[in-house]
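Results of the structural survey
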Amino acid sequence: MKQHDVIIVGARVAGSSLAILLAKQGKSVLLVDKASFPSDTLSTHHMSHTEYLKELGVLEEVEKTGLRKIERMRTYIGSAFVEGPRASYTIIPRRDHLDYVLLKKAESFTDVEVMERTTVTNLVWEGEQVRGIEVVDQAGRTEQIEATWVVGADGKHSQVARFVEAAEYETHEPLRPVLYGYFKGIEPLSKPTTEIFLQEGRIGFLFPMEEGRDCLGIEIHPDEFKDMMKQSKESFEAMYREHYDMDRRMEGAELEGKIIGTKGMPNHFRQAYGKGWALIGDAGHSKDPSTGLGINDAFMQSFLLAEALNSEDEETALQAYQQKRDEQLMPGFQLTIDYIKSLRKWTTNEVALFQSMAANPMVWNKIVPRLADHLKAETGDMPLLHGSVLMEAQSFGYE
Ligand SMILES: Cc1cc2nc3c(=O)[nH]c(=O)nc-3n(C[C@H](O)[C@H](O)[C@H](O)COP(=O)(O)OP(=O)(O)OC[C@H]3O[C@@H](n4cnc5c(N)ncnc54)[C@H](O)[C@@H]3O)c2cc1C
């Protein structure tokens, strides 16, 4: 049997970034994925924390495809909007490109071996200790491979988590379906700007990618999903055109490929480690994508786990890994859940209030201190501006 320091199951943002960090520590790493690369995965790709890519040594390569640097954000309610600069710039790299750049970087280290088109079918155990993995390749050949650590970076439906029976906590059912697609030829704003449309209790988002190409998405109500997927292109475009000025801006637009849809993402944390194993990325923590944090969160977990695996006292370090992970992820998780649960069709009064605030920012000074109480009394629900305030808050990180 072969022996590695660390086997990582899953070679996308979580797995490849961890492989890079471990290789820099001089560890031997095996990255295994059932997919082949470059390949796409179910995900839009709003990335506001580019410093992770810089630290991993791949930012320049990722940006080479001509990605626009987005320095502004605009949030619409009806036909009014608020807009402002972001603390740092955002990029929207397609996942087939981003994941491939990370994988190639990992593979450039002599001590990193990559096995594509290889599925992990089980773990190798010695008593309660995980000692390795069992794999099957495309030709049906099976093999056992040993390592000191096995890390599950195998996504939200993690098999590694299932094999080790990792406990799940803070669980919420998938909240909202998401549909998205790539469009050419949408009339741009004068400066690249992330646009968020909070309308009819849905969230529309427009992410400018390269010049002339945008990623458009909508989080819809659960009961809309089935019908929308029947004629996804037509339904998506019709719904998107209802957003402020989008009917006009989509005049010459053309969908590239298909509209992609999912019923929703699981929301939970999983136990982060055990004897000989650990979880990172969506395998350890998954949530609704409305706040666009999953990729950044995957990187953050890779950095934390790499630090823990480099410690003399691994047990204490892994305990600290889980604690730090939860401390750093919990605020964003709770904000995401609250954000989605607070979404609903605005009342006429709420829209009027927002419009007057957006039209005359001086009104904010008078209203904001009393806004929460006022709206709670009026609607018995979350304040109107909760969503847009949240979206801005995330740009400042979790602290
Ligand atoms: C619709 C949607 C939109 C999103 N939009 C955003 C966004 O705008 N910004 C953002 O930051 N995040 C977004 N996310 C979240 C983001 O996609 C995830 O957080 C991120 O992909 C997690 O990366 P990962 O490496 O942990 O897992 P994944 O990207 O899921 O990779 C897991 C890998 O494991 C492999 N694998 C699985 N099982 C096995 C096995 N048994 N053997 C071998 N290999 C295996 C798979 O082939 C896959 O390549 C979105 C998610 C969805 C669903």
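Look a little higher up for the structure.
**Overview of the overall build of the chain**
- Scanning the chain for helices and strands turns up 13 helices and 18 strands.
- Scaling as 2.2 N^0.38, a compact globule of 399 residues should have a C-alpha radius of gyration of about 21 Å, and the chain matches this with 22 Å.
- Dimensions along the principal axes, computed over C-alpha positions, put the chain at roughly 70 × 45 × 40 Å.
- Taking all 399 residues of the chain together, the buried fraction comes to 54%.
- Long-range contacts, defined as pairs at least 24 residues apart, comprise 72% of the intrachain contacts of the chain with a sequence gap of at least 6.

**Quick look at the pattern of salt bridges**
- Counting across every chain of the model gives 26 salt bridges.
- For the salt bridge of D40 with R94, the shortest nitrogen-to-oxygen distance reads 2.7 Å. Of this pair, D40 sits in the loop between strand 2 (29-32) and helix 2 (51-56) while R94 sits in the loop between strand 4 (80-90) and helix 4 (95-107), and the two are 54 residues apart along the sequence.
- The salt bridge involving E200 is made with K345; its shortest N-O contact spans 3.5 Å. Within this pair, whereas E200 is found in the loop between strand 11 (193-199) and strand 12 (202-208), its partner K345 is found in the loop between helix 10 (314-342) and helix 11 (348-359), the two being separated by 145 residues in sequence.
- For E200, a relative accessible area of 34% corresponds to the partly exposed category.
- Salt bridges linked by common partners bring R12, R95 and D99 together as one network.

**A look at the sheet that holds strand 4**
- Pairing is mixed in the open sheet, where seven strands are placed in the order 4-3-11-12-13-10-14. The open sheet has two free edges, formed respectively by strand 4 and strand 14 (254-262), since each of these has just one partner strand. Taken pair by pair, the neighbouring strands of this sheet meet at an average axis angle of 15 degrees, ignoring direction.
- Bridge count between strand 12 and strand 13 (residues 213-219): six bridges; the pairing is antiparallel. In the sheet register, L206 faces strand 13, and the bridge partner there is L216.
- Where helix 11 meets the sheet, its contacts fall on strand 3 (70-77) and strand 4, and the angle it forms with strand 4 comes to roughly 60 degrees.

**Side note on the packing of helix 1 (residues 13-24) against helix 4**
- It is at 8 Å that the axes of helix 1 and helix 4 come closest, and there the two elements cross at 25 degrees. Classed by the angle they form, the pair helix 1 and helix 4 counts as roughly parallel. The chirality of how helix 1 crosses helix 4 is left-handed. Between helix 1 and helix 4, the residues in contact are V13, S16, A19 and I20 and R95, L98, D99, L102, L103, K105 and A106, respectively.

**Overview of the sheet that holds strand 15 (residues 267-270)**
- With respect to topology, three strands assemble into an open sheet ordered 9-15-18, the strand pairing being antiparallel. With partners counted over all chains shown, the strands left at the sheet margins are strand 9 (168-172) and strand 18 (285-286), one partner each.

**A few points about the nonpolar core**
- Membership of the largest hydrophobic core comes to 76 residues, with the highest contact counts inside it found for I8, L31, L53, F299 and L305.
- Setting aside its immediate chain neighbours within four residues, L31 contacts I8, G10, A11, G15, S16, A19, L103, A106, V112, E113, V114 and M115.
- Of all hydrophobic cores here, the second largest spans 21 residues; its members include V32, M115, I133 and V160.

The rules behind these values
- Residues numbered from 1 in each chain as written.
- Predicted model: local features only at pLDDT ≥ 70, side-chain atom pairs only at ≥ 80, totals over all residues.
- Heavy atoms only, no water.
- Helix = DSSP H or I, 4+ residues; strand = E, 2+ residues; numbered from the N terminus.
- Rg over C-alpha atoms; globule rule 2.2 N^0.38 Å.
- Buried < 20%, exposed > 50% of the residue type's maximum accessible area, 1.4 Å probe, protein only.
- Contact = heavy atoms within 4.5 Å.
- Salt bridge = Lys/Arg side-chain N within 4 Å of Asp/Glu carboxyl O.
- Pairing = 2+ DSSP bridges.
- Axes fitted to C-alpha atoms, helices over the stretch in contact; angles between N-to-C directions.
- Parallel < 35°, antiparallel > 145°, perpendicular 65-115°, else oblique.
- Left-handed = near helix turned anticlockwise from the far one by under 90°.
- Core = buried A, V, L, I, M, F, W, Y, C linked by side-chain atoms within 4.5 Å.

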